[in-house]
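Listed below are the residues making up each chain.
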Amino acid sequence: LECGIGKHTIRELAHHHGLANADKPASPCLSSRIPYGQEVSAAKLQQIEAGEAWLSDHGFPINRLRHYDQQALIEVPPERVAELKTKANELTAALMALGFATVTIDDEGFMSGKLNRAIGRFQSTGSR
């Protein structure tokens, strides 16, 4: 930021210098998978990390596991939702083993910042 360059330039510099992580996808804090107002705990973060690792290990490197207490809401790119649904039984078993009671695949697919929609609803309704 102080240098006045953005992500694109940083990636170009990383490629130029042969850094192995030049194309590494963004990886926001795991707590961003927990809705606003809910407690962030080590146990929840471990569930999220393990669930997202399972998805990556099974061919879905771009994914999000949204943590809604006992429910895991899974997002993958929209064009891969149908493919993930073919693995729904295996996915559900893996996530239930991590402590989730229910597993839902989000039909809309992955969208960065999706939890921020709650802020927009809050601001537009004036709810508290």
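Please refer to the structure placed before this passage.
Treat the numbers as computed from the prediction; the structure is a model and nothing was measured.

Cut-off values and rules
- For every chain, the first residue of its written sequence is number 1, and the numbers climb from 1 along that sequence.
- A pLDDT threshold of at least 70 governs which residues receive local features in this predicted model, and a stricter bar of 80 or more applies before side-chain atom pairs are shown or counted, although totals over entire chains, interfaces and linings include all residues.
- Each side-chain value is derived from all of the structure's non-hydrogen atoms; neither hydrogens nor water enter the calculation.
- The way it works is that DSSP assigns letters per residue, a run of H or I at least four long becomes a helix, a run of E at least two long becomes a strand, and they are numbered from the N terminus.
- Exposed residues in this analysis have more than 50% of their type's maximum accessible area, buried residues have under 20%, and partly exposed residues fall in between, with area computed by a 1.4 Å probe over protein chains only.
- Side-chain atoms alone can form a polar contact between residues adjacent in sequence; in general such a contact is a pair of N or O atoms within 3.5 Å, and within protein one must be able to donate a hydrogen while the other accepts it.
- Residue contacts are defined here by distance: any two heavy atoms, one from each residue, within 4.5 Å place the two residues in contact.
- The span you would expect from a helix comes to 1.5 Å times its residue count less one.
- Among the buried residues, those of types Ala, Val, Leu, Ile, Met, Phe, Trp, Tyr and Cys that are joined through side-chain atoms within 4.5 Å form a nonpolar core.
- The salt bridge definition used is simple: a Lys or Arg side-chain nitrogen within 4 Å of an Asp or Glu carboxyl oxygen.

Okay, the side chain of Asn63 next. Structurally, Asn63 can be placed in the loop between α2 (42-57) and β1 (64-68). Exposure remark for Asn63: the relative accessible area of 3% places this residue in the buried category. At a separation of 3.5 Å, a polar atom in the side chain of Asn63 contacts the main-chain carbonyl oxygen of Glu52. Reaching out from Asn63, the side chain makes a polar contact with the side chain of Ser56 at a distance of 3.4 Å. Excluding anything up to four places from it in sequence, Asn63 contacts Glu52, Leu55, Ser56, Glu75 and Val76.

With 16 residues, α2 extends 22 Å from end C-alpha to end C-alpha; this agrees with the ideal 22 Å at 1.5 Å per step. Gly59 sits one or two residues past α2 and shows a positive phi near 95°.

Below, the discussion takes up the side chain of Arg64. Here Arg64 shows up in strand β1. Those residues within four positions of Arg64 in sequence are excluded, and the remaining contacts are Ala26, Pro28, Arg33, Glu52, Leu73, Ile74, Glu75 and Phe110.

Right, let's get into the nonpolar core. Core analysis: the biggest nonpolar cluster contains 17 residues, and Leu55, Leu65, Ala72, Ile74, Leu84, Leu91 and Leu95 have the highest contact counts within it. Listing elements by their share of this core, those giving two or more residues are α2, β2 (71-75), α3 (81-85), α4 (88-97) and β3 (102-105). Aside from chain neighbours lying at most four places away, what touches Ala72 is Leu65, Arg66, Leu95, Phe100, Thr102, Val103 and Thr104.

A full pass over the atoms with the stated rule returns five salt bridges. Note that Glu52 and Arg33 form a salt bridge whose closest N and O atoms lie 2.8 Å from each other. Taken together, the residues span a long stretch of sequence, with Glu52 in helix α2 and Arg33 in the loop between α1 (7-16) and α2 at a distance of 19 residues. For the pair formed by Glu52 and Arg33, the shared burial category is buried. Lys85 is the partner of Asp107 in a salt bridge, and the nearest nitrogen-oxygen pair spans 2.4 Å. Within this pair, whereas Asp107 is found in the loop between β3 and α5 (117-125), its partner Lys85 is found in helix α3, the two being separated by 22 residues in sequence. By relative accessible area, Lys85 is classed as partly exposed at 41%.

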